[in-house]
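Residue-level listing of the chains:
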Amino acid sequence: MRDVNSFNRVILIGRLGQNPELRYIPQTDRAVANFSLATNERAFSPGGGDSEIRTEWHRIVAWGKQAEFCEKYLTKGKQILVEGRLRTEKWQDRDGNPRSTT
């Protein structure tokens, strides 16, 4: 059953931190591309006119034809718009510590 008051959508505009890395899933031969995207925002200090630029890094995953497009046309430093869903993956590292990424 779908909750009509729920919507998982994000839009990011930023610059690529690296060229997309394309690989294919062995079982299905489906393409997957991974790359990082940096978004910036200006933060002002509460007491004065000083400001700093804060950078947030996002890990982006594209699948199928979109992954192949990313690998072909996107390069480090290029400004892009990404629209999609947020998903959090949880796993255990080699030492048994819980890890997660969004």
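Because the structure is predicted, anything quoted here is derived from the model rather than measured.

Take isoleucine 80: it is sitting in strand E5 (residues 79-84). Accessibility expressed as a relative area gives 12% for isoleucine 80, which makes it buried. The spacing of isoleucine 80 and leucine 16 is 64 residues in sequence and 7.5 Å in space, taken between C-alpha atoms. Apart from residues no more than four positions distant in its own chain, isoleucine 80 is found in contact with Leu12, Ile13, Gly14, Leu16, Phe35, Leu37 and Leu74.

By the element assignment, serine 36 lies in strand E3 (residues 31-44). Accessibility expressed as a relative area gives 14% for serine 36, which makes it buried. In this structure, serine 36 is in contact with Arg15, Leu16, Gly17, Gln18, Trp57 and His58, ignoring residues within four places of it in sequence.

Alignment of strand E1 (residues 10-16) against E5, held across six bridges, turns out to be antiparallel. Directly across from valine 10, in E5, lies its bridge partner glycine 84. Bridge count for E1 against E3 is two bridges, and the pairing is antiparallel. Bridge pairing in E3 links arginine 15 to alanine 38.

Tallying each qualifying case throughout the model produces one aromatic pair. For the pair phenylalanine 69 and tyrosine 73, a centre-to-centre distance of 4.8 Å together with 40 degrees between the ring planes defines the contact as tilted. Here the residue phenylalanine 69 and the residue tyrosine 73 both occupy positions in helix H1 (residues 64-73), the gap between them amounting to four residues, near one helical turn.

All right, on to the pattern of salt bridges then. Inspection of the entire model under this criterion finds two salt bridges. Note that arginine 9 and glutamate 83 form a salt bridge whose closest N and O atoms lie 3.8 Å from each other. Of this pair, arginine 9 sits in the segment before E1 while glutamate 83 sits in strand E5, placing them 74 residues apart in sequence. By relative accessible area, arginine 9 is classed as partly exposed at 43%. In this structure, glutamate 52 engages arginine 54 in a salt bridge whose closest nitrogen and oxygen atoms are separated by 3.7 Å. Classification of glutamate 52 by relative accessible area gives partly exposed; the value is 44%.

About the thresholds
Residues numbered from 1 in each chain as written. Predicted model: local features only at pLDDT ≥ 70, side-chain atom pairs only at ≥ 80, totals over all residues. Heavy atoms only, no water. Helix = DSSP H or I, 4+ residues; strand = E, 2+ residues; numbered from the N terminus. Buried < 20%, exposed > 50% of the residue type's maximum accessible area, 1.4 Å probe, protein only. Contact = heavy atoms within 4.5 Å. Pairing = 2+ DSSP bridges. Phe/Tyr/Trp six-rings, centres within 6.5 Å; stacked < 30°, edge-to-face > 60°. Salt bridge = Lys/Arg side-chain N within 4 Å of Asp/Glu carboxyl O.

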